[in-house]
Amino acid sequence: MNKPKLWTKDFLIISSTNFFIFMIFYLLMVTLSVYTIDQFGATASQSGLASSIFVIGALAVRPFAGKYIELIGKRNMLYGALVLFLVTTLIYFKTDSLAFLLTNRLIHGIAFGFASTATGTIAADVIPNERRGEGTGYFAMSMNLAMATGPFLGLFLSQHGTYNMIFVSCVIFAVIAFIPTLFMKFRKVELTQMERDTLKGIKIGDFFEVKALPIAIVMCIVGFSYSSVLTFMTAYSKEMGLVNVASFFFVVFAIFLLASRPFTGRWFDLKGENFVIYPSLLLFGIGMLVLSQANHGFILLAAGALIGVGYGTFQSSAQAIAIKNAPRHKMGLATSTFFVFVDLGIGIGPFTLGFLIPVIGYNGLYVSMALVGFACMFVYYLLHGKKSAEDKQKVHAYK
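As the structure is a computational prediction, the values presented were derived from the model and not from experiment.

(A) Focus on the overall build of the protein chain. Regarding its fold elements, the protein chain presents 15 helices and 0 strands. Against the globule reference of 21 Å for 399 residues, the protein chain gives a C-alpha radius of gyration of 20 Å, in line with a compact fold. By principal-axis analysis of the C-alpha atoms, the protein chain measures approximately 60 × 45 × 40 Å. Residues classed as buried in the protein chain amount to 54% of the 399 residues present. A separation threshold of at least 6 residues defines the contact pool for the protein chain, and within that pool the share at least 24 residues apart is 87%. Of the roughly 17,200 Å² of accessible surface on the protein chain, 70% is carried by carbon and sulfur atoms.

(B) Representation of the pattern of salt bridges in the model. In this structure the tally under the stated criterion is 5 salt bridges. For Lys-74, the salt bridge identified is with Asp-125, shortest N-O distance 4.0 Å. Taken together, the residues Lys-74 in helix H4 (residues 74-91) and Asp-125 in helix H5 (residues 98-126) connect sequence positions 51 residues apart. Taking relative accessible area as the criterion, Lys-74 reaches 6% and is therefore assigned buried. On the basis of relative accessibility, which here comes to 5%, the residue Asp-125 falls in the buried class.

(C) Representation of the environment of Ile-307. Here Ile-307 lies in helix H13 (residues 297-324). For Ile-307, a relative accessible area of 0% puts it in the buried group. With 300 residues separating them in the primary sequence, Ile-307 and Trp-7 have C-alpha atoms 27 Å apart. Beyond its immediate sequence surroundings of up to four residues, Ile-307 is in contact with Tyr-226, Val-229, Phe-249, Phe-253, Phe-284, Gly-287, Met-288, Leu-291 and Gly-312.

(D) Quick look at the environment of Phe-25. Mapped onto the secondary structure, Phe-25 falls in helix H1 (residues 9-29). In this structure the C-alpha to C-alpha distance between Phe-25 and Ile-107, which are 82 residues apart in sequence, comes to 13 Å. In this view, Phe-25 contacts Phe-54, Val-55 and Phe-112; residues no more than four positions away in its chain are not counted.

(E) Examining the packing of aromatic side chains more closely. All chains considered together, the criterion is met by 28 aromatic pairs. Taking 5.0 Å as the distance between ring centres and 75° as the angle between the ring planes, the aromatic pair formed by Phe-22 and Phe-112 counts as edge-to-face. One end of the pair, Phe-22, is in helix H1; the other, Phe-112, is in helix H5, with 90 residues separating them in the sequence. Phe-112 carries the same exposure label as Phe-22, and that label is buried. Here the aromatic rings of Phe-250 and Phe-253 are separated by 6.3 Å at their centres, their planes lie at 50°, and the arrangement is tilted.

(F) Representation of the side chain of Ser-316. Within the secondary structure layout, Ser-316 lies in helix H13. Once residues within four sequence positions are removed from consideration, Ser-316 is found in contact with Thr-136, Gly-137, Ala-140 and Arg-261.

(G) Highlighting a nonpolar patch on the surface. A grouping of Leu-49, Ile-56, Leu-84, Leu-106 and Ile-107 is seen on the molecular surface, where their side chains present a nonpolar patch of about 360 Å² in accessible area. The set of elements that each furnish at least two residues to the nonpolar patch consists of helix H3 (44-72) and H5. Along the polypeptide, Ile-56 turns up in helix H3. Here Ile-56 falls in the partly exposed class, since its relative accessible area comes to 46%.

(H) Geometry of the nonpolar core. Of all hydrophobic cores here, the largest spans 109 residues; its most connected members are Val-229, Leu-291 and Ile-307. A per-element tally of this core places H1 first, with 13 residues.

(I) Main features of the packing of helix H6 (residues 132-160) against H13. Close contact between H6 and H13 brings their axes to 8 Å; oriented N to C, the two are set at 130°. For the element pair H6 / H13, the angle class is oblique. Judged by the sense of rotation from one axis to the other, the crossing of H6 with H13 is right-handed. Residue-level inspection shows Arg-132, Gly-133, Thr-136, Gly-137, Phe-139, Ala-140, Met-143, Asn-144 and Met-147 of H6 in contact with H13, the latter providing Tyr-311, Gly-312, Gln-315, Ser-316, Gln-319, Ala-320 and Ile-323.

Cut-offs applied
- Residues numbered from 1 in each chain as written.
- Predicted model: local features only at pLDDT ≥ 70, side-chain atom pairs only at ≥ 80, totals over all residues.
- Heavy atoms only, no water.
- Helix = DSSP H or I, 4+ residues; strand = E, 2+ residues; numbered from the N terminus.
- Rg over C-alpha atoms; globule rule 2.2 N^0.38 Å.
- Buried < 20%, exposed > 50% of the residue type's maximum accessible area, 1.4 Å probe, protein only.
- Contact = heavy atoms within 4.5 Å.
- Areas by Shrake-Rupley, 256 points an atom, 1.4 Å probe, with all protein chains shown as cover.
- Salt bridge = Lys/Arg side-chain N within 4 Å of Asp/Glu carboxyl O.
- Phe/Tyr/Trp six-rings, centres within 6.5 Å; stacked < 30°, edge-to-face > 60°.
- Patch = residues over 30% accessible without salt bridge, like charges linked within 9 Å, V, L, I, M, F, W, Y side chains within 5 Å.
- Core = buried A, V, L, I, M, F, W, Y, C linked by side-chain atoms within 4.5 Å.
- Axes fitted to C-alpha atoms, helices over the stretch in contact; angles between N-to-C directions.
- Parallel < 35°, antiparallel > 145°, perpendicular 65-115°, else oblique.
- Left-handed = near helix turned anticlockwise from the far one by under 90°.

So yeah, pure geometry; function would need other evidence.
Right, here's the structure in full:
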């Protein structure tokens, strides 16, 4: 029996658009803190705010984006968000004060929140149900690859170029993200009057998809743990004398994730989510443990490989679960709910974990985050894994 086609024109376009907007996000995350210090004499806390205020903007609008995307229309939200994303990227050339920069970063984050919710929802719409895990995995890989290429390119341009070169690159990427979407076909979801009335509600619960919350909570905890890698890898590698090797950490992360993706997505669809989730969390925990003992370049890169497969596989699988459990007209809401918790975990992690480092050091930090990763296996079992296993047994019993 032939499987429905996954690699359609629309799927390739929306995946590439997602890749470029996330690459801009990560590229600026690793460069703007230094930019604020060099250009405006910002303090360490102010430079950190230049990075985190972007996430705050995205986090603030995701619930609204997910709730109203079907009412506004996926095409309208995507185009509007990408235009605003491009405009705010251009404005970086004109920033002449720290206050102006922070304001633009906030608006840029808002545009990112709307755009990434739209791309995630559109991708969920074009992926066939029979290939949900595989398709979501490949789509999520666009974020994972951006997570590797963005910081790598940002650090390279910081060392060998100017800040204007960084902003020019971001403008080019924003244009590349937008133009191909003009050739997409958008599937319109016809809402019943009851569904419209539900989406027009103003209750707090209307801004989150309840069925996506259990897996989103697990994702938040895993993201909290992973934020220690994003935020403190540079400082940790300097302490260990492995700065040159550390620049390739995310490259190895991406390579091993890319190599594993064809298998993990297919296993998700054929064998169920538990078959993929438990090993991915185990690999993530082991990777963090290996990272805590990285006294040699090879060990550091081995940790990158393990964390890449573990974290990358879990994130894409968790996103597939969030979407799969939601009604079709609430796919956008499920997508935004999932990413709200991703942003929350990654957003609060650096601030919270920063207090631990003077007490337990970087080695102790990563050992602690490894324990969090292992504990997430039990949390997942309680919130989703047990129910998933029971549902699978019921299906087999029925057959």
